[in-house]
Protein chains: 2
Amino acid sequence: MDKILVFGHQNPDTDAITSAISYAYLLNQKGLEAEAVALGEFGDETAFALKSFDQEPLRVIETAASETTTIALVDHNESQQSVADLKDLEVYSVVDHHKIGDFTSPAPLSFLTKPYGCTQTILFELFQQEGIEIPKNIAGLMLSAIISDTLLFKSPTTTEQDKIVGEKLAAIAEVDIETYGLDLLKSGTNVDAKSATEIAEGDAKSFEMGGKPVRIGQINVVDVDDVLKRKEEVLSTMQDLVTDNDYSAFFLVVTNILTSDSEGLVVGSEDFIQHAEQAFAGKVTDNQIALPGVVSRKKQVVPPLEKTF
Amino acid sequence: MDKILVFGHQNPDTDAITSAISYAYLLNQKGLEAEAVALGEFGDETAFALKSFDQEPLRVIETAASETTTIALVDHNESQQSVADLKDLEVYSVVDHHKIGDFTSPAPLSFLTKPYGCTQTILFELFQQEGIEIPKNIAGLMLSAIISDTLLFKSPTTTEQDKIVGEKLAAIAEVDIETYGLDLLKSGTNVDAKSATEIAEGDAKSFEMGGKPVRIGQINVVDVDDVLKRKEEVLSTMQDLVTDNDYSAFFLVVTNILTSDSEGLVVGSEDFIQHAEQAFAGKVTDNQIALPGVVSRKKQVVPPLEKTF
């Protein structure tokens, strides 16, 4: 078998990057040749995690077939989030915590998803099942992804198992979860250094609602005023993105990771704004709506919006 | 959560039936309400396995939404092999050893496939991971499925892990693998009691080749003459099935489980017959072609045929 290239989704977050690292390590320990790579550059939070645990950045690839026949996917399974030449490659395995999309295979393979808050929680179980010890630095990276995906266990996507595994990893990594976790989350919130486009688009995804694409972004901050003081600039950028891409609306969720509340900024059709007011039982005033207690796009933003369509 | 209905594929074989039983037992032990059911009547071999280990036959269902909201799939993942109202139900989990077909989910779930010879080999690992003891009768049923799917470890679909798990289950079930295994396989080979349609169609599946559906059946025997003595009757039935269903051909693999060789019977287009001769490097004479060493439709019949198209 060719070397297995292991990678997470495009526009990678901390789970996508570090799950590639920990899973490639697991495969190496099982005697397989595997290399963790990335499908794009990562953000400040991931950089902080890698630096904290002495990990070099991953090599970035766009296609894989020029260098191997065999790949492993972590933290994603849908083709549009994966490597560009996916259909020319054999998928050795998949480990993921998302819904199952358009994945198909010509032959049986190892495919494992679980409804946990983070891919690393599943990978921790695989390490245990294989009886492979997790080194201190890998444990730190795995913990970082769990903190990132669950917003320090405050997101409603968090499961009991994420908490249990997080505690165990913190013990191996010899860090205090609260202290390190807050430092990690804060490291990704330096809004002043970001352009308006980076603020709106940095973590944005498209969702089809009422037959039209709605763009929904999310940015974590320690003070929502870091974004609101640049509100006009950000709204103008969002409006440009709507016009250029024919979105029916752009909805940006600005999440305060300290209070676990969000503010929504919205531009787009009158129709979408009415749906947003219905979904979040509030009023859009000056393109802004309060989202108390909302931290998860996946669980608390997309489903209520979808329900109104 | 509603009671979880657990079932294998339509036209169930020993793995489909017994994996539902062992997985429902596992879920019960984890404190979940679960019931094993079947998507159809089973054959002689499965009946022999159930009787050998004091298991009552499963209730047969065609739809599930009238009695629950939640299901678990074993030994299949493709919608056309599953319950008729699959789209109205929430899939709690999937455990399977087949390629991944058209399965999608609206939310994350537990989904586990491995490239083993039998679903029960994966389920054995789940019992171990959960620390749940396998009772003697369940172990016997699990072993029966592994013997059935791997033709007593002779099929090329067999993996090292199937053998290891088979040995462990035989120890728990207190049976001799060879003796019980041969009795089990022979129990499914009573050709005299079968109609020509049952012989041809009993385990048949459709495959698209060259843009047309080809029907491929397989029957296990201890003496190929049990089928060949009724060759004209069986060929005539196969021809009727081709005509009625617009198949380009019907290919029936008659497998001697004692010698691990097969004979192929074929009716259909001249074109398909030429492809069959090319695929199996032999001559079709009187609608018959020798298939020495062939025991697995999945690995040794479908791929060589597909390659010629």
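Computed from a predicted model, the values in this text were never measured in an experiment. (Residues numbered from 1 in each chain as written. Chains lettered and ligands numbered in written order. Predicted model: local features only at pLDDT ≥ 70, side-chain atom pairs only at ≥ 80, totals over all residues. Heavy atoms only, no water.)

Draft legend 1. Representation of the overall build of chain A in the model. Each helix and strand in chain A was counted, giving eleven helices and ten strands. The C-alpha atoms of chain A give 20 Å as radius of gyration, which agrees with the globular expectation for 309 residues (19 Å, within 12%). For chain A, buried positions account for 56% of its 309 residues. The long-range share in chain A, meaning contacts at least 24 apart out of those at least 6 apart in sequence, stands at 65%. (Helix = DSSP H or I, 4+ residues; strand = E, 2+ residues; numbered from the N terminus. Rg over C-alpha atoms; globule rule 2.2 N^0.38 Å. Buried < 20%, exposed > 50% of the residue type's maximum accessible area, 1.4 Å probe, protein only. Contact = heavy atoms within 4.5 Å.)

Draft legend 2. Highlighting the interface of chain A and chain B. Counting residues at the interface gives 20 residues for chain A, matched by 20 residues for chain B. Buried surface at the junction of chain A and chain B, both sides included, amounts to about 1,500 Å², of which 57% is carbon and sulfur. Our count for the contact surface shared by chain A and chain B stands at zero salt bridges. For the interface between chain A and chain B, the tally reads seven residue pairs in polar contact (both at pLDDT 80 or more). Here the side of chain A that touches chain B is composed, by residue class, of nine nonpolar, eight polar and three charged. Sheet analysis places strand β5 (residues 110-113) of chain A next to strand β5 (residues 110-113) of chain B, joined by three bridges and oriented antiparallel. (Buried area = accessible area lost by both parts, 1.4 Å probe. Salt bridge = Lys/Arg side-chain N within 4 Å of Asp/Glu carboxyl O. Polar contact = N/O pair within 3.5 Å; in protein donor to acceptor, adjacent residues only side chain to side chain. Nonpolar A, V, L, I, M, F, W, Y, C, P; charged D, E, K, R; others polar. Pairing = 2+ DSSP bridges.)

Draft legend 3. Layout of helix α1 (residues 14-29) of chain B. Residues and elements named next belong to chain B. Along its 16 residues, α1 runs 22 Å from first to last C-alpha, staying within 8% of the 22 Å computed at 1.5 Å per residue. Judged by how many residues are buried, α1 sits mostly within the fold: 13 of 16 residues are covered. Looking one or two places after α1, you find Gly31, whose phi comes out positive at around 90°. (Expected span 1.5 Å × (residues − 1).)

Draft legend 4. Region of the structure containing the packing of helix α2 (residues 44-52) of chain A against helix α6 (residues 177-187) of chain A. All names here are of chain A. Two elements in contact, α2 and α6, have axes whose closest approach is 7 Å; the angle formed by their N-to-C orientations is 140°. In terms of orientation, α2 and α6 fall into the oblique class. Note on element contacts: α6 touches α2 through Tyr180, Asp183, Leu184, Leu185 and Ser187, opposite Asp44, Glu45, Phe48, Ala49 and Ser52. Its residues assigned to classes, the contact of α2 with α6 shows five nonpolar, two polar and three charged. (Axes fitted to C-alpha atoms, helices over the stretch in contact; angles between N-to-C directions. Parallel < 35°, antiparallel > 145°, perpendicular 65-115°, else oblique.)

Draft legend 5. Highlighting the sheet that holds strand β9 (residues 261-268) of chain B. Residues and elements named next belong to chain B. Strand order in the open sheet formed by five strands is β6-β7-β8-β9-β10, with mixed pairing between adjacent strands. Two strands bound the open sheet, and with one partner strand each, they are β6 (205-209) and β10 (288-291). The sheet shows a mean angle of 25° between the axes of neighbouring strands, taken without regard to direction. Bridging between strand β7 (residues 212-221) and strand β8 (residues 249-256) involves eight bridges; their strand directions are parallel. Pairing of Asn220 across the sheet is with Thr255, part of β8. Across the sheet, helix α10 (residues 270-279) is in contact with β7, β8, β9 and β10; its angle to β9 comes to roughly 160°.

Draft legend 6. Fine view of the side chain of Ser105 of chain A. Looking at where Ser105 of chain A falls in the secondary structure, it is placed in the loop between β4 (90-96) and β5. Polar side-chain contacts of Ser105 of chain A include one of 2.8 Å to the backbone oxygen of Ala107 of chain A. At a separation of 2.9 Å, a polar atom in the side chain of Ser105 of chain A contacts the main-chain amide nitrogen of Ile100 of chain B. Apart from the residues lying within four places of it in its own chain, the contact partners of Ser105 of chain A are Lys99 and Ile100 of chain B.

Draft legend 7. Here's a closer look at the relation of the copies chain A and chain B. Note on the identical chains: chain A maps onto chain B by a rotation of 180° and an axial translation of 0.1 Å, with an RMSD of 0.1 Å. Viewed as a symmetry operation, the transformation between the two copies matches a two-fold axis. Scanning chain A for the C-alpha nearest the rotation axis identifies Leu112 of chain A, at a separation of 2.3 Å. Looking at the interface residues of chain A, 100% of them are also at the interface in chain B, so both copies use one shared face. (Least-squares fit on C-alpha atoms with pLDDT ≥ 70 in both.)

Draft legend 8. The pattern of salt bridges, seen in detail. All names here are of chain A. What the rule picks out here adds up to 28 salt bridges over all chains. The salt bridge partner of Lys99 is Glu78, with a shortest N-O separation of 3.7 Å. With Lys99 in the loop between β4 and β5 and Glu78 in the loop between β3 (70-74) and β4, this pair connects stretches of sequence that are 21 residues apart. According to the relative accessible area criterion, Lys99 is partly exposed, its value standing at 36%.

Draft legend 9. Local environment of the sheet that holds strand β2 (residues 34-36) of chain A. In space, the ten strands of this open sheet follow the order β2(A)-β1(A)-β3(A)-β4(A)-β5(A)-β5(B)-β4(B)-β3(B)-β1(B)-β2(B), with mixed pairing throughout. Of all strands in the sheet, those with a lone pairing partner are β2 of chain A together with β2 (34-36) of chain B, marking the two edges. Along the sheet, successive strands turn relative to each other by an average axial angle of 20°, direction set aside. Two elements, strand β3 (residues 70-74) of chain B and strand β4 (residues 90-96) of chain B, share five bridges in a ladder whose sense is parallel. Note on β4 of chain B: the bridge partner recorded for Val74 of chain B is Val95 of chain B.

Draft legend 10. Representation of the packing of aromatic side chains. For the structure on display, the rule yields 17 aromatic pairs over all chains. Between the aromatic rings of Phe103 of chain B and Phe111 of chain B, the centroid separation amounts to 5.1 Å while the plane-to-plane angle is 50°, which identifies the pairing as tilted. One exposure class covers both Phe103 of chain B and Phe111 of chain B, and it is buried. Taken together, the aromatic side chains of Phe103 and Phe111 of chain A together with Phe103 and Phe111 of chain B make up a single cluster linked through ring pairs. (Phe/Tyr/Trp six-rings, centres within 6.5 Å; stacked < 30°, edge-to-face > 60°.)

Draft legend 11. Seen up close, the domain arrangement of chain A. All names here are of chain A. Parsing chain A into structural domains produces domain 1 (4-187) and domain 2 (191-308). Each of domain 1 and domain 2 has a C-alpha centre, and these two points are 27 Å apart. Here domain 1 and domain 2 share an interface that buries about 1,000 Å² over both sides, 62% of which is from carbon and sulfur atoms. Looking only at domain 1, the three residues that lose the most surface to domain 2 are Leu151, Lys154 and Pro156, adding up to 41% of its buried area. Between the two partners, domain 1 and domain 2, sit zero salt bridges. The interface formed by domain 1 and domain 2 contains one residue pair in polar contact (both at pLDDT 80 or more). Its residues assigned to classes, the side of domain 1 that touches domain 2 comprises four nonpolar, five polar and three charged. (Domains from an automatic or database assignment.)

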